[in-house]
Amino acid sequence: MASAPVSPVDHRFVVLKFGGTSVATAARWRAIHDLATARKREGFRVVVVVSALSGVTNLLQAIIDEADAQARSDRFDEIRDKHETLLGSLELAMPEAVARQLENLQLLLADDRAASRTLPWQAELLSQGELLSSQLGVALFRHWETACDWLDSRSVLKALPERNQSDWARWLSVNCECGRTPQLDAALREHADIHIAPGFMARDADGNTVILGRGGSDTSAAYFGALLGAVRVEIWTDVAGMFSADPRQVPEARLLGQLDFEEAQEITTTGAKVLHPRSIAPVRETGTPLWIKDTNRPELSGTVIEARTMERAPSIKAISQRKGVVLVSMETLGMWHQVGFLADVFAEFKKHGLSVDLIGSAETNVTVSLDPSENLVNSNVLEALCSDLARICRVKVIGPCAAITLVGRGMRAMLARLSAVFGELGSRRVHMVSQSSNDLNLTFVIDESEAAGLLPQLHQALVHAGVMRVDDPAVFGPAWSSLYRAGHERVSPWWQSATENLLALAGHSSPRYVYDRAVIRERATPCVASRRLIAGSMHRRRTTMPKCSARLPKQGLASSAFRRASSPRHKPQHRWHRVCIRPTLLAPPNWLLRFPKPRS
């Protein structure tokens, strides 16, 4: 996909964005340098938008979560070591700009706001990763004798005040202005042909640093593309583009060569991780094409997202899966023919800053889905919401769930050919089915525990039914396995290499549960760092049990029995609980086997 030649006197802009793994090593930075200078030789001015070095944002988040000063200091040392190691691999001394940025980070650790973890302090702290990587990138370009200037994204991206915005979103998940800004063109033309800018951040009306949310570097690049009227925005990542399914689960997923903005929006919103959903809107507004390319293999064609694609027969382009979805079911006989019931209900979601995704309704029930946003996962907003809704109706929270979504134009025309998909899902507990009004997607919400291994089966069923037209070379490219199999061999389940031992165990006595120690350790690790998410049925009284039991589904655990008793040493409302964990739901069946009792 070679770019078209551009006259040197034109000097239009191209925006290149590189993620955390793409800026983590000297070899990757050399690839970034080569791509940027190649675009310059083609006649473009270049803005390079970078994420923090791989793992740095997680370390910054760990600093926020840590209460101990020494633990925070240790995380800071890890961040400094990552940058020193990268510079050391090139035998370069610490650049002055990077050293100053590390000093600023250290000062933030000692800031008075650190003890109370105020949102402005969190936003300023989280921005440090991109500020460090972008300053480091400028130093590397200059070391390679390429003229390059640093561009502070906060001087360009202006946060938009929004109605009903929670305090958390106002600091840590903002949207920005994205209209064409000729003044920015003129300002950048006075300096170097290549600028490196930190992603992930903007500035509010008061001049404070604010954050675009996780994945915000993609969105930053899209904003730059819209503001500059760029020829295109190129997102450089670890894969060749968008695929017809998550290739980590479906190795035979096909590369999607062409998508329009609406299709890409649906695919990213419903689970694709290669591109942040919020990055589509800015380029869609201005009609700026967006490319997704592989940093390691730039020769691959990648995915092109643009305003128009050729009219084709109806086809499902992708199937995706979102985990951690929460359903809120609201029921009351009073809603039948009651004027304003939905207005009252959704006013509560508005009050708590929660955006509803899917909606299903009946005469006496309305059920909505909530995606696992940071606001939902990192706060007790769901508990507060249910407490307020309880004054209007009976509330039930169902979760964690998985949403399986089919995306493609002409979905209604293909319903008669989806019998294999309906049959596969019909054997599971389906909580909700939702078809979009724009005829672009069809979504099924099921228990998350029943989603394991489902995506490959459904993808294969769609291909065999002819509704995913992989024979169309203009849309579907090669399979992920044919592009990456040499370096990404599939790992066989542990039990395949232990067949003889398992059969011997089954011969001694049955039924019997068999576990693999390494897999148990891997699956149990997240329990240590469990985060609060109320994912079980909510109780109107704020007792300890709903809060404790809600942690279990988040970690893939299910309880089969509760036992409670009043303690004579405490007030009657203080109770102890014993929870029995069902081992069959401790993890997916590929690592847990139960042998049936042999027949006599």
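Data block above holds the structure.
What counts, and where the lines are drawn
Residues numbered from 1 in each chain as written. Predicted model: local features only at pLDDT ≥ 70, side-chain atom pairs only at ≥ 80, totals over all residues. Heavy atoms only, no water. Pairing = 2+ DSSP bridges. Helix = DSSP H or I, 4+ residues; strand = E, 2+ residues; numbered from the N terminus. Contact = heavy atoms within 4.5 Å. Axes fitted to C-alpha atoms, helices over the stretch in contact; angles between N-to-C directions. Salt bridge = Lys/Arg side-chain N within 4 Å of Asp/Glu carboxyl O. Buried < 20%, exposed > 50% of the residue type's maximum accessible area, 1.4 Å probe, protein only. Polar contact = N/O pair within 3.5 Å; in protein donor to acceptor, adjacent residues only side chain to side chain. Parallel < 35°, antiparallel > 145°, perpendicular 65-115°, else oblique. Left-handed = near helix turned anticlockwise from the far one by under 90°.

Participant: How would you sum up the sheet that holds strand β10 (residues 290-294)? Please name residues and give values.
Facilitator: Taken together, the eight strands give an open sheet; going across it, the order is β3-β4-β2-β1-β7-β10-β11-β9, and neighbouring strands pair in mixed fashion. Whereas interior strands pair on both sides, the edge strands pair on one side only; in this sheet they are β3 (149-150) and β9 (258-260). Contacting β9 and β11 (303-306), helix α10 (residues 261-269) crosses the sheet at an angle of about 95 degrees to β9.

Participant: Outline the pattern of salt bridges, listing residues and values.
Facilitator: Within the structure shown, the criterion is met by 26 salt bridges. Residue D152 pairs with R154 through a salt bridge whose shortest N-O separation is 3.0 Å. For D152, a relative accessible area of 16% corresponds to the buried category. Taking relative accessible area as the criterion, R154 reaches 14% and is therefore assigned buried. For R248, the salt bridge goes to D246, with nearest N and O atoms at 3.0 Å. Assessed through its relative accessible area of 22%, D246 is described here as partly exposed. Through salt bridges with shared partners, a single ionic network connects R39, E42, R232 and E234.

Participant: Run through the side chain of D439, naming residues and quoting values.
Facilitator: Looking at the element boundaries, D439 is found in the loop between β16 (430-435) and β17 (441-447). A polar atom in the side chain of D439 sits 3.2 Å from the backbone nitrogen of M411. Those residues within four positions of D439 in sequence are excluded, and the remaining contacts are G408, R409, G410, M411 and R412.

Participant: Give me the lowdown on the packing of helix α2 (residues 56-65) against helix α5 (residues 119-126), citing residues and values where you can.
Facilitator: Look at α2 against α5: their axes get within 10 Å of each other, and the N-to-C directions meet at 155 degrees. With respect to α5, the axis of α2 lies roughly antiparallel. Handedness of the crossing formed by α2 with α5: right-handed. Residues T57, L60, Q61, I63 and I64 of α2 form the contact with α5, whose participating residues are W121, Q122, L125 and L126.

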